[in-house]
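Listed below, chain by chain, are the residues.
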Amino acid sequence: MAQANSWLLRGGTLVTVDRSQPVLIGDLLIVDGVIAALGPAVSSDPRSASVPVIDVSGCVVMPGLVQAHIHLCQTLGRGLADDLPLLRWLSERVLPYEAALDERNIQLAAQIGVAELLLSGTTTLLDMGTVRHHDALCEAVAVTGIRATLGKAMMDYPDTVPLSLREDSQASLREADALCARWHGRGRLRYGYAPRFLVSCSDELLRGVAERCQQHSTDGPGIHTHASEQLDEIELVQKRTGKDNVEALKALGIAGPRTVLAHCVHVSDHEMRVMAQDGTHVTHCPSSNLKLGSGIAKIVQLLAAQVNVALGADGAPCNNRLDGFAELRLLSLLQKGLHGPEALPAAQALEIATLGGAKALGQAAQIGSLQVGKRADVVVVGQGSPGQLPVHDPVSLLVYGSQGSDVRHVFVEGELLVEHGQLTARTGLDVERLRAHSAEQMPVLLRRAGLR
Ligand SMILES: [Zn+2]
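Below or above, wherever it landed, is the structure these notes cover. Keep in mind it's a predicted model, so treat the numbers as computed, not measured.

**Comments concerning the pairing of strand E10 (residues 189-195)**
The buried fraction of E10 is high, at seven of seven residues. Across the two faces of E10 the burial is the same, with Leu189, Tyr191, Tyr193 and Pro195 and Arg190, Gly192 and Ala194 all buried. As paired elements, strand E8 (residues 147-151) and E10 share three bridges and run parallel to each other. Bridging from a neighbouring strand, Leu150 pairs with Tyr191 of E10. Following the chain from strand E9 (residues 153-154) across helix H4 (residues 169-183) to the adjacent parallel E10, one finds a crossover that is right-handed. One ladder, built from two bridges, connects E10 with strand E11 (residues 222-227); its direction is parallel. Following the sheet pairing, Tyr193 is matched in E11 by Ile223. Regarding topology, helix H5 (residues 203-215) serves as the crossover connection from E10 to the parallel E11, and that connection is right-handed.

This is the structure in structure tokens:
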């Protein structure tokens, strides 16, 4: 009996992100949400006879994009915080917006964000929420079927956090513990402790987060924070700790293979070596770094130092799109601008946007490439637009020649969440309804936030 998570994708070009067989021509067989077989000989596999067939001829089949730094709760702030440097962007626009969010706003922001992510080929995300109403965000994400590691933002530092969002250190830790107990490992959700950044967090809070994560097994929750995004932020950290971000965080226990640092635009060679030795991951957010004028992260040097790099769109107020294909193209082009045209070739960029993210989330054994036994988080690219023709090199097509709107089908664990460029009923997401709710909620939210 065929399952709704068993399929045969017939006749495509498979870009696997598996170095042993990077490109295959043939079929992909999904059985019970897992990749069961792939390549030219799949049609003779007896299991392929009993599952529904989707014709993917002329299309490129790839692992879903993994975005390892997103703020779903900020989606309703798209276009509300343009043309400002980071610290003013935060204090004048984003934090007042976050402080004004109620549960319904957060659910809507998450739904719009997940809709955009799925439609543009992202199947897994690492998210930083806001301080409050985190259950509402988790519930909204859980029903859509996307894979996600989520964590409430933690902020308790009196000098830098406005009263409207400031938490008591121990209360923040207790709330995060309760959220972790409720959501880590539930369906496709995991929990990641998310102290916002060193500037907004006390030593007590950061130490508390580090201790909790050390207590868990390797499959336990991770840590997700921002670091070394802009120079004035680094100056604040140096003034308080006498150290650069990476060393200051490490001194408090925020380092290691279950820690993801977003940005790391301005890190020294020494910090790179420390991150490589500790196994700390970096999420590069090229559009966000450009729009906030932060600079260009030294991705070539980070990779040469053996630091694992992932990719992320950050939030709607600083990008203002969550299209992973836009980040993928920029990732490669920016490094070519710095180091010449041979830097960061397409295959390496694609690996960062898929397997790099999976490694950062501790899920590389399950997702991030098309390999037998991995979860079937699969994206089919090729809506037949002229901009996708001709296909000389499928990897080049994905990295330099594709955008989110070229995504045709999206599967997460074998469940079809996007079909022919439309969200399926399985996601519970209806774009018309999201549009109506946005029009209804925004005027009230903006008034409450004092932003209009
Ligand atoms: Zn961010």
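**Points about H5**
Taking 1.5 Å of rise per residue, the 13 residues of H5 would be expected to cover 18 Å, and the 18 Å separating its terminal C-alpha atoms lies within 8% of that figure. Buried within H5 are the following residues: Leu205, Leu206, Gly208, Val209, Ala210, Arg212 and Cys213. The inward-facing, buried residues of H5 abut E9, H4, E10 and E11.

**Examining the packing of helix H3 (residues 134-144) against H4**
Two elements in contact, H3 and H4, have axes whose closest approach is 11 Å; the angle formed by their N-to-C orientations is 20°. If you check the angle between H3 and H4, you find them roughly parallel. The two elements H3 and H4 meet at a crossing, and its hand is right-handed. Facing H3, whose interface residues are His134, Asp135, Cys138, Glu139 and Ala142, H4 presents Leu179, Arg182 and Trp183. Among the residues making up the contact of H3 with H4, the classes are represented as four nonpolar, one polar and three charged.

**Things to note about the environment of Val381**
Relative to the elements of secondary structure, Val381 occurs in strand E16 (residues 378-381). Given the relative accessible area of 1%, Val381 is considered buried. As for Val381 and Lys152, which are separated by 229 residues in sequence, their C-alpha atoms are 33 Å apart.

**Section: the pattern of salt bridges**
Scanning the entire structure with this criterion turns up 23 salt bridges. Of the charged contacts in the structure, one is a salt bridge between Asp82 and Lys291, with a shortest N-O distance of 2.7 Å. Here Asp82 is found in the loop between strand E6 (65-71) and helix H1 (86-100), whereas its partner Lys291 is found in helix H9 (residues 286-291), with 209 residues between them in sequence. Given a relative accessible area of 32%, Asp82 falls into the partly exposed group. For the salt bridge of Asp102 with Arg448, the shortest nitrogen-to-oxygen distance reads 3.5 Å. One end of the pair, Asp102, is in the loop between H1 and helix H2 (103-119); the other, Arg448, is in helix H14 (residues 431-449), and 346 residues separate them in sequence.

Conventions adopted
- Within any chain, residue numbers begin from 1 and follow the written order of that chain's sequence.
- Per-residue local features of the predicted model are confined to residues with pLDDT of at least 70, and side-chain atom pairs are confined, for both listing and counting, to 80 or more; whole-chain, interface and lining totals are unaffected and use all residues.
- As a rule here, side-chain values come from all non-hydrogen atoms in the structure, and water together with hydrogens is ignored.
- Note on classification: 1.4 Å probe, protein chains only; a residue is buried when its accessible area is under 20% of the maximum for its type, exposed when over 50%, partly exposed between these limits.
- The way it works is that DSSP assigns letters per residue, a run of H or I at least four long becomes a helix, a run of E at least two long becomes a strand, and they are numbered from the N terminus.
- Here, a strand pair is defined by DSSP locating no fewer than two bridges between the strands.
- Handedness of a crossover is defined as follows: orient the strands so they point away from the viewer, and if the path from the first strand over the helix to the second runs clockwise, the crossover is right-handed.
- By this rule the span expected of a helix is its residue count minus one, scaled by 1.5 Å.
- Only heavy atoms matter for contacts: two residues are in contact if any of them lie within 4.5 Å across the pair.
- The angle between two axes is taken between their N-to-C directions and runs from 0 to 180 degrees, where each axis is a line fitted to C-alpha atoms and a helix contributes only its stretch in contact.
- In these notes the angle categories are as follows: under 35 degrees is roughly parallel, over 145 is roughly antiparallel, 65 to 115 is roughly perpendicular, and the rest is oblique.
- What makes a crossing left-handed is the near helix being turned counterclockwise from the far one by less than a right angle; a clockwise turn instead makes it right-handed.
- Residues were grouped as follows: Ala, Val, Leu, Ile, Met, Phe, Trp, Tyr, Cys and Pro as nonpolar; Asp, Glu, Lys and Arg as charged; and all remaining residues, including Gly, as polar.
- What counts as a salt bridge is simple: a side-chain nitrogen of Lys or Arg found within 4 Å of a carboxyl oxygen of Asp or Glu.

Note that all results are geometric; they support no functional claim without further evidence.
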